[in-house]
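Listed here are the chains, written in short residue letters.
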Amino acid sequence: MTTGSIAHPPREKMAIDGARLLDRIERFAAIGRNATGGLDRVAFGDDDLRARAEFLREAAAAGLAGSVDAAGNILVRRPPGLARPDLPALLVGSHLDTVVNGGRLDGAYGVLVALEILQTVVEHGVELSYEPVAVVFANEEGARFPQPFWGSRALAGHLDELPAEPCDHDGAPLRGPLARAGGDLDRLATAAWPPGSVAAYLELHVEQGPVLEAGGERIGVVSDITGRTLLIAVVRGGAGHAGTTPMDLRCDPLAAACRMVLAIESLSREQRLCRVSTVGRLDVRPNSPNTIARDVTLTIDLRDGDPARLAGAEQAARDLVASIAAERGAEAEVSVGTRSGPAHADAGLMAAIAESAAELGHAHRTMPSGAGHDAQIISSIAPFGMIFVPSVGGVSHVPEEDTADADLIAGAEVLLHTALRL
Ligand code: HGY
Ligand code: MN
Ligand code: MN
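Chemist: Quick question: what am I supposed to make of the packing of aromatic side chains here?
Modeler: Aromatic rings considered in pairs are described by the distance between their centres and by the relative angle of their planes. Across all of its chains, the model carries 3 aromatic pairs by this definition. Plain terms: the ring middles of Phe-28 and Phe-55 are 6.5 Å apart, the flat faces sit at 75° to each other, and that makes the pair edge-to-face. Of the two residues, Phe-28 sits in helix H1 (residues 18–29) while Phe-55 sits in helix H2 (residues 46–61), which places them 27 residues apart along the sequence. With respect to class, Phe-28 is no different from Phe-55; both count as buried. A ring pair is formed by Phe-44 and Phe-145, whose centres lie 6.2 Å apart and whose planes are at 70°; its orientation type is edge-to-face. Placement of the pair is Phe-44 in the loop between H1 and H2 and Phe-145 in the loop between strand S4 (131–137) and helix H4 (150–155), with a sequence separation of 101 residues. Overall, Phe-44 belongs to the buried group, its relative accessible area being 1%.

Take a look at the structure:
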């Protein structure tokens, strides 16, 4: 993407309202906070709905125009009379939903900066080369409804990658909760943006890893986003009494699943078939101390920057589930939760981010993302740029997730200057 800006106040005169941003971050950090300080704001749950409503209230109070599309994505635009719908959009955003017991910044930071940027542009009477639109993508994490990147897939028109009747891990349908959020499963196709309508997508996010903190840089210029495959394996055995069923007559799916967990870890740790491999969720039924389990569901999260390695790791995972189940006389079936290919950031946007960081005096480095992001889905319809700020201790998806205020503000300033460059 080439950069070239039209006339507006000099960049050095433009600044976000840092106090306003930090205040919003703290207020949203309280929505869905649990007793241990983590956030349980899983997509389309009550707390997610509260955060979404609050975001729309903040946008309205700032004189901006908020709306919700059929996928449940929130879109915020400049008010009528100012907005230029004839221009391609500069989409800026992230997500508000969290994992279970997650952190206050993963996603929320990016959407609150997007709101701040839009408000700042309007307050300064700035005209950009593209129409700025803030976006809150629905269900990025897939923590309850295992269709991660739900909203960005719909906006990008990837409806073939979404189940017709999505359900959560317990089989509860998405239809109702989506409607409560303002979406409409029957009109999902209307959420797709026409080709050419998005000039670029920018996302600001906490790094969620240790690289920037260890290197002493304040800004990460993301070059690539990892590919990710999420498989759902169901292992079925024979439930029974833990005290009376002889060991040689058992078909214990939980014991089989435990062997699968270690074998999945080995795919990356020992065999190096992919960069990382994780079983993060195990659902045991009936999950009773003195009952041999009837069936077990496990999630298999595989990641790598190379699609061929990812495909090889997926086949190896399928093979090990089948062989361990067969050894134990259990049945097993594996389905795909999601597959998202690796994505490369746009070189022009990377350069604009790096120039903005340098102009603002922030040390920066180019780096890949081991986490998945909506940007990799949007990359199929528009060039993307992604900015990281350091994560304290390199941790995320935990209550301890944190970033220094100065870094939070620096990231927002770099994003603003990047948008002004386009
Ligand atoms: O799982 C991920 O990489 C991201 O946090 N959704
Ligand atoms: Mn996350
Ligand atoms: Mn995220």
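Chemist: So what exactly am I meant to see when it comes to the pairing of strand S1 (residues 65–68) here?
Modeler: Two elements, S1 and strand S2 (residues 74–77), share 4 bridges in a ladder whose sense is antiparallel. Note that in S2 the partner of Ser-67 across the bridge is Leu-75. As consecutive antiparallel partners, S1 and S2 are separated by 5 residues, and within that stretch Gly-72 has a phi angle of approximately 90°, a positive value.

Chemist: Looking at this structure, I do not really get the coordination of the manganese ion (ligand 2). What am I missing?
Modeler: Octahedral metals with six donors have ideal donor angles of 90 or 180 degrees. Tetrahedral metals with four donors have an ideal donor angle of 109.5 degrees. Protein coordination of the manganese ion (ligand 2) is provided by Asp-106 (OD), Glu-141 (OE) and His-397 (NE2), with donor distances spanning 2.0 to 2.2 Å. One chain supplies every donor for the manganese ion (ligand 2), spaced along it as D-x34-E-x255-H. Metal-to-metal, the separation of the manganese ion (ligand 2) and the manganese ion (ligand 3) is 3.5 Å; Asp-106 coordinates the two. Of this pair, Glu-141 sits in the loop between S4 and H4 while His-397 sits in the loop between strand S16 (384–389) and helix H11 (405–421), and the two are 256 residues apart along the sequence. Owing to a relative accessible area of 11%, Glu-141 belongs among the buried residues under this scheme.

Chemist: Got a minute to help me understand the nonpolar core in this structure?
Modeler: Within soluble globular proteins, side chains that are nonpolar generally end up buried alongside one another. In terms of nonpolar packing, the biggest core is built from 78 residues, with Phe-55 and Tyr-109 touching the most fellow members. Considering every element that reaches this core, the biggest residue donor is helix H3 (residues 108–123), with 10 residues. Setting aside residues no more than four positions away along its own chain, Phe-55 makes contact with Phe-28, Ile-74, Val-76, Leu-96, Val-111, Leu-112, Leu-115 and Val-136.

Chemist: Just to check I follow, could you spell out the pattern of salt bridges for this structure?
Modeler: Pairs may arise between side chains of opposite charge once their charged atoms sit close together. Summed over all chains, the structure comprises 34 salt bridges. The partner of Glu-116 in a salt bridge is Arg-20, with the nearest N and O atoms 2.8 Å apart. A residue pair is termed long-range when its members are at least 10 positions apart, and Glu-116 in helix H3 and Arg-20 in helix H1 qualify at 96 residues. With respect to class, Glu-116 is no different from Arg-20; both count as buried. What emerges from the salt-bridge pattern is a single network uniting Arg-20, Asp-23, Arg-24, Arg-27, Glu-54, Arg-57, Glu-58, Glu-116 and Glu-123.

Chemist: Would you mind showing me how to read the site of ligand 1 here?
Modeler: Taken together, the residues surrounding ligand 1 are Glu-140, Glu-141, Arg-228, Arg-303, Ala-371, Gly-372 and His-397. Glu-140 has a polar side-chain atom sitting 2.9 Å from a nitrogen atom of ligand 1. Considering ligand 1 on its own, with 210 Å² of exposed area, one finds that the protein chains cover 94% of that surface. Its residues assigned to classes, the shell around ligand 1 shows 1 nonpolar, 2 polar and 4 charged.

Chemist: Looking at this structure, I do not really get empty space enclosed by the protein. What am I missing?
Modeler: The final tally for this structure, using the stated rule, is 1 cavity of 30 Å³ or more. Empty space within the largest cavity amounts to approximately 30 Å³. If you trace the largest cavity, you find it lined by Val-92, Ala-114, Ile-117, Leu-118, Pro-132, Val-133 and Ala-134. Secondary-structure elements contributing two or more residues to the lining of the largest cavity are H3 and S4. Taken together, the residues of the lining of the largest cavity break down into 7 nonpolar, no polar and no charged.

Chemist: Please clarify how the environment of Gly-32 should be interpreted in this entry.
Modeler: Note that Gly-32 resides in the loop between H1 and H2. Counting along the chain gives 19 residues from Gly-32 to Ala-51, while the straight-line C-alpha distance between them is 8.2 Å. Look past the residues within four positions of Gly-32 in its chain and what remains in contact with it is Gly-38, Leu-39, Asp-40, Arg-41, Asp-47 and Arg-50.

Parameters at a glance
- Residues numbered from 1 in each chain as written.
- Chains lettered and ligands numbered in written order.
- Predicted model: local features only at pLDDT ≥ 70, side-chain atom pairs only at ≥ 80, totals over all residues.
- Heavy atoms only, no water.
- Phe/Tyr/Trp six-rings, centres within 6.5 Å; stacked < 30°, edge-to-face > 60°.
- Helix = DSSP H or I, 4+ residues; strand = E, 2+ residues; numbered from the N terminus.
- Buried < 20%, exposed > 50% of the residue type's maximum accessible area, 1.4 Å probe, protein only.
- Pairing = 2+ DSSP bridges.
- Donors = N, O, S within 2.8 Å, 3.2 Å for Na, K, Ca; no water.
- Core = buried A, V, L, I, M, F, W, Y, C linked by side-chain atoms within 4.5 Å.
- Contact = heavy atoms within 4.5 Å.
- Salt bridge = Lys/Arg side-chain N within 4 Å of Asp/Glu carboxyl O.
- Near = heavy atom within 4 Å.
- Polar contact = N/O pair within 3.5 Å; in protein donor to acceptor, adjacent residues only side chain to side chain.
- Areas by Shrake-Rupley, 256 points an atom, 1.4 Å probe, with all protein chains shown as cover.
- Nonpolar A, V, L, I, M, F, W, Y, C, P; charged D, E, K, R; others polar.
- 1 Å grid on protein atoms, 1.4 Å probe; cavity = no way out; pocket = protein on both sides within 12 Å on 5 of 7 lines; lining within 4 Å.
- Points joined across faces, edges and corners; volume = space filled by probe spheres on them.

The quantities given are spatial measurements derived from coordinates; they are silent on function.
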